[in-house]
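# Working through the structure, step by step
What follows is the residue order along each chain.
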Amino acid sequence: MNWLKIATLVTLAGYPSLAVAQGAASCGGAAMLGGAQLNCSHVNPKAPNQFCTFSWALHTTAGDQKVVEGTFMLPPGAANVTIYQGSGFDSALSDPIVICRDAN
């Protein structure tokens, strides 16, 4: 995805009355009780495999910040797939940022 598309999406996000097409992946994560976990599902059965990247700023139990990141492939029909799981974190400093595009 190029920077112009990203800038357009960020601009459109500020206008709740505009409709934006639903993506093929849905992800959510949480950090608490010493651990962090990010899960994703492929939610559009007509969409092809999704190639995704993620980045997530987490606060460690030692008081430091750590950014975890990676890439993954999400096939159609995949549900509640654990993308990242780690320990030593007591909270999230940001929401997980997940960007996906068609793998074809």
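Refer to the preceding data block for the structure.
Please read these numbers as outputs of a predicted model, since none were measured by experiment. (Residues numbered from 1 in each chain as written. Predicted model: local features only at pLDDT ≥ 70, side-chain atom pairs only at ≥ 80, totals over all residues. Heavy atoms only, no water.)

### Some points on the packing of aromatic side chains
As enumerated under the stated definition, the model contains two aromatic pairs in all. When the ring of F54 is compared with that of F72, the centres are 6.4 Å apart and the planes differ by 50°; the resulting orientation is tilted. Of this pair, F54 sits in strand 3 (residues 50–60) while F72 sits in strand 4 (residues 65–74), and the two are 18 residues apart along the sequence. Ring geometry for F54 versus Y84: centroids 6.2 Å apart, planes at 45°, classification tilted. Taken as a pair, F54 in strand 3 and Y84 in strand 5 (residues 81–92) lie far apart in primary sequence, 30 residues in all. What makes Y84 buried here is its relative accessible area of 16%. Each residue in the set F54, F72 and Y84 is aromatic and connected to the rest through ring pairs, giving one cluster. (Phe/Tyr/Trp six-rings, centres within 6.5 Å; stacked < 30°, edge-to-face > 60°. Helix = DSSP H or I, 4+ residues; strand = E, 2+ residues; numbered from the N terminus. Buried < 20%, exposed > 50% of the residue type's maximum accessible area, 1.4 Å probe, protein only.)

### Concerning the environment of N39
Tracing the sequence through the fold places N39 in strand 2 (residues 34–42). Considering only alpha carbons, one finds N39 and N80, 41 residues apart in sequence, at a separation of 5.6 Å. A polar contact of 3.2 Å, which involves the side chain of N39, links it to the side chain of N80. (Polar contact = N/O pair within 3.5 Å; in protein donor to acceptor, adjacent residues only side chain to side chain.)

### Thoughts on the nonpolar core
Among the nonpolar cores identified, the biggest contains 15 residues, and A36, F54, W56, L58, V68, F72 and Y84 are the most heavily contacted of them. Elements supplying a minimum of two residues to this core: strand 2, strand 3, strand 4 and strand 5. Those residues within four positions of F54 in sequence are excluded, and the remaining contacts are L38, V68, E69, G70, T71, F72, I83, Y84, I97 and V98. (Core = buried A, V, L, I, M, F, W, Y, C linked by side-chain atoms within 4.5 Å. Contact = heavy atoms within 4.5 Å.)

### Notes on unusual backbone geometry
The phi angle of most residues is negative, glycine excepted, and most peptide bonds adopt the trans form. The phi angle at L33 is positive, at roughly 55°, despite the residue not being glycine. Assignment of secondary structure puts L33 in the loop between strand 1 (25–32) and strand 2. L33 sits in the exposed class, given a relative accessible area of 85%. Here N80, not a glycine, exhibits a phi torsion of approximately 55°, which is positive. Of note, N80 is situated in the loop between strand 4 and strand 5. You can call N80 exposed: its relative accessible area is 55%.

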